[in-house]
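# Structural overview for review
Given next are the chains, with one letter for each unit.
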Amino acid sequence: MKEKVNTKKAIGERMRILRKHLKLNQGEMAAFLEIGRADLSSTERGRIYPTVFVLYLLKQKFNISLNWLLFNDGEMYYTTPVRYREISGLNPLNEEMKD
């Protein structure tokens, strides 16, 4: 019999791995994703799922593979990884973000 997988917990663990790979603390990552630090913490602990908007931002800004994040299938990135601090004009603490 297959072992039951806690999907929220598995996705949360991959969110934590991603954040650490990007060298961000929870506050920085939460600001970028436009969510509260407590929501990010709850996601990383497997209490809640990331929202569709959070998934969209991860895909668009960091080229994160949603197959990897949601299903642990394939590589973390679609292309060469993008480092948070290397994104020109991006400062999650400012109200305006350049595309």
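Use the structure listed above.
Residues numbered from 1 in each chain as written. Predicted model: local features only at pLDDT ≥ 70, side-chain atom pairs only at ≥ 80, totals over all residues. Heavy atoms only, no water.

### Quick notes on the overall build of the protein
Looking only at helices and strands, one finds 5 helices and 0 strands in the protein. In the protein, the order of α-helices and β-strands from amino to carboxyl end is α-α-α-α-α. Counting only residues that meet the buried cut, the protein has 35% of its 99 residues in that class. Summarising the internal contacts of the protein: among those between residues at least 6 apart in sequence, 52% fall at separations of at least 24. With the model as given, the accessible surface of the protein reaches about 6,700 Å², and the carbon-plus-sulfur share is 49%. (Helix = DSSP H or I, 4+ residues; strand = E, 2+ residues; numbered from the N terminus. Buried < 20%, exposed > 50% of the residue type's maximum accessible area, 1.4 Å probe, protein only. Contact = heavy atoms within 4.5 Å. Areas by Shrake-Rupley, 256 points an atom, 1.4 Å probe, with all protein chains shown as cover.)

### Some details on the packing of aromatic side chains
One pass over the structure, following the stated rule, counts 2 aromatic pairs. When the centroid spacing of 4.8 Å and the interplanar angle of 50° are considered together, the rings of Phe 32 and Phe 62 count as tilted. Remark: Phe 62 occurs in helix 4 (residues 52-62) and Phe 32 occurs in helix 2 (residues 26-33); sequence separation between them is 30 residues. Phe 62 matches Phe 32 in its accessibility class, with the two residues each being buried. Ring geometry for Phe 53 and Tyr 56: centres 6.5 Å apart, planes at 25°, overall stacked. With Phe 53 and Tyr 56 both in helix 4, this residue pair falls 3 residues apart, about one helical turn. Judged by its relative accessible area of 47%, Tyr 56 falls in the partly exposed class. (Phe/Tyr/Trp six-rings, centres within 6.5 Å; stacked < 30°, edge-to-face > 60°.)

### Quick word on the environment of Ala 10
Structurally, the position occupied by Ala 10 is in helix 1 (residues 7-21). Sequence separation of Ala 10 and Gly 46 is 36 residues, and the distance between their C-alpha atoms is 7.1 Å.

Without other data, these values stay purely geometric and don't point to any function.
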